[in-house]
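Summary of the model geometry
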Amino acid sequence: MTKPMSDTLALRLAVAAKAVPDIELKQFIQLLITLCGEPLTEKKLRAISPKQLRELFAQTALQIDRSQLNQVHAILVADEVSPMEAPSIPAPKQLTGPVVQLAVSSNNLERIDGHFGSCLRFLIYQVSASGYQLVDVRPVVENHTGDARTSYLIELIGDCQLLATLSIGGPAAARVSRADILPLKQLTPQPSQSILQRLQMVMDQPPRWLARLLERQGQEAALCVE
């Protein structure tokens, strides 16, 4: 006898299925069973990679946008079931002293819970010793693949010096670094506030790696003025 599905798992599948409205819930679940086997569990869903999900849906006759599949993946692997909402941007405030700009790969509100290559959006923060603030929310909407997608994502956060992400592949991390953006990989999903507070604490006396970023930022600003 098949063990009944938990309420939490049923809710996760229902919310994920809403991201691909052209597929009925029953067909959506059957596709996941084809990939993961029975019974479906939260652990199995969290182990699915974006590539596996794309290959799975490529077997259907439906035309599913990559952005839709990224949202499905974000919901399936999220630590909590949620509607994957974007945060609102507060009124700007004046930050004093040197400022760095941090991009956060995110799927839901102000959290570091997205993978670089498949997140729904980037949250852009400014950080100084005097405080930090959310200044922009940039949706990931393009359907590029491979190197072209990495180029698009780097261009999207090209005005940032730091990237906080849940995961990033080696080749992509190397390209991000060559674009003068330092990747900061986080081990677990967490509120953006956690890394923002740590950055704010060291901005008065920044470590060598951060001092080099600030120095390079100052040089670029001087070139723009000239």
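Residues numbered from 1 in each chain as written. Predicted model: local features only at pLDDT ≥ 70, side-chain atom pairs only at ≥ 80, totals over all residues. Heavy atoms only, no water.

1. Examining the pattern of salt bridges
- Inspection of every chain in the model, using the stated rule, returns five salt bridges.
- A salt bridge links E42 to R12; the nearest nitrogen and oxygen atoms lie 2.6 Å apart. Of this pair, E42 sits in helix 3 (residues 42–46) while R12 is found in helix 1 (residues 7–17), placing the two residues 30 residues apart along the sequence.
- Classification of E42 as buried rests on a relative accessible area of 17%.
- Residue R138 pairs with D136 through a salt bridge whose shortest N-O separation is 2.8 Å.
- Residue classification places R138 among the buried residues on the basis of a relative accessible area of 14%. (Salt bridge = Lys/Arg side-chain N within 4 Å of Asp/Glu carboxyl O. Helix = DSSP H or I, 4+ residues; strand = E, 2+ residues; numbered from the N terminus. Buried < 20%, exposed > 50% of the residue type's maximum accessible area, 1.4 Å probe, protein only.)

2. A word on the sheet that holds strand 5 (residues 162–165)
- Read across the open sheet, the five strands follow the order 4-3-1-5-6; overall the sheet is mixed. For this open sheet the edge positions go to strand 4 (131–139) and strand 6 (182–185), each flanked by a neighbour on one side alone. Across the sheet, the mean angle from the axis of one strand to that of its neighbour is 25°, orientation sign disregarded.
- In this sheet, strand 6 lies alongside strand 5 in parallel orientation, the contact comprising four bridges. Paired with L163 across the bridge in strand 6 is P183. (Pairing = 2+ DSSP bridges. Axes fitted to C-alpha atoms, helices over the stretch in contact; angles between N-to-C directions.)

3. Considerations on the packing of aromatic side chains
- All told, the structure shown has two aromatic pairs when counted by the stated rule.
- Between F28 and F57, the aromatic rings sit 6.2 Å apart at their centres with planes inclined by 40°, giving tilted as the arrangement. In this pair, F28 sits in helix 2 (residues 25–36) while F57 sits in helix 4 (residues 50–58), placing the two residues 29 residues apart along the sequence.
- The exposure class of F28 is buried, given its relative accessible area of 0%.
- Ring centres 6.0 Å apart and planes at 55° place the aromatic pair F116 and F122 in the tilted group. (Phe/Tyr/Trp six-rings, centres within 6.5 Å; stacked < 30°, edge-to-face > 60°.)

Geometry only, nothing functional implied.
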